[in-house]
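Each chain, written out:
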Amino acid sequence: MNSEKAEVARKFVVLCGRVFRDADPKYFPSAQYRGRTLRFCTESCLGAFLADPDIFYKVHRNSEKNKDAKP
Ligand SMILES: [Zn+2]
């Protein structure tokens, strides 16, 4: 039971919609946006976010909803 909970805790989703398991979020780039901590899979995703946070957030929120849809 306890080990199952620990597994869930180690799973997290980055803003770009990728799901990571058995990974520690602290090794991934993160940024603050409107009081929330957002995580990114790579430094280049973080750079794209920082270049235009509002656009990046909007676009990737939508892609998260339609995971199978390709632009
Ligand atoms: Zn990414």
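Refer to the structure printed above.
To start, this report covers the structure provided alongside it. None of the values given here were measured: they were computed from a predicted structure.

The subject of this paragraph is the pairing of strand 3 (residues 30–33). Going residue by residue along strand 3, you find A31 and Y33 tucked away on one face and S30 and Q32 left uncovered on the opposite face. Pairing analysis gives four bridges linking strand 3 to strand 4 (residues 36–39), with the strands arranged antiparallel. When the sheet's bridge partners are listed, S30 is paired in strand 4 with R39. Taking the residues that link successive antiparallel strands as the turn, the strand 3-strand 4 hairpin has two residues, and the phi of R34 there is positive, at about 50°.

In this structure, C16 (SG), C41 (SG) and C45 (SG) serve as the protein donors to the zinc ion, at separations of 2.1 to 2.2 Å. Coordination of the zinc ion draws on donor residues from a single chain, spaced C-x24-C-x3-C in sequence. A residue pair is termed long-range when its members are at least 10 positions apart, and C16 in the loop between strand 1 (12–13) and strand 2 (19–20) and C41 in the loop between strand 4 and helix 2 (43–51) qualify at 25 residues.

Bringing the packing of aromatic side chains into the picture now. For the coordinates displayed, the defined rule picks out eight aromatic pairs. Aromatic side chains F12 and F20 sit 5.6 Å apart centroid to centroid with 20° between the ring planes, which places their arrangement in the stacked category. Overall, the relative accessible area of 9% leaves F12 in the buried class. For the ring pair F49 and F56, a centre distance of 6.0 Å and an interplane angle of 85° mean the geometry is edge-to-face. Pairwise contacts between aromatic rings join Y33, F40, F49, F56 and Y57 into one cluster.

Under the defined criterion, the tally for this structure stands at one salt bridge. We note a salt bridge from D54 to R34, for which the minimum N-O separation is 3.4 Å. Placement of the pair is D54 in helix 3 (residues 53–65) and R34 in the loop between strand 3 and strand 4, with a sequence separation of 20 residues. Relative accessible area serves as the criterion here: at 68%, R34 is assigned to the exposed category.

The rules behind these values
Residues numbered from 1 in each chain as written. Predicted model: local features only at pLDDT ≥ 70, side-chain atom pairs only at ≥ 80, totals over all residues. Heavy atoms only, no water. Buried < 20%, exposed > 50% of the residue type's maximum accessible area, 1.4 Å probe, protein only. Helix = DSSP H or I, 4+ residues; strand = E, 2+ residues; numbered from the N terminus. Pairing = 2+ DSSP bridges. Donors = N, O, S within 2.8 Å, 3.2 Å for Na, K, Ca; no water. Phe/Tyr/Trp six-rings, centres within 6.5 Å; stacked < 30°, edge-to-face > 60°. Salt bridge = Lys/Arg side-chain N within 4 Å of Asp/Glu carboxyl O.

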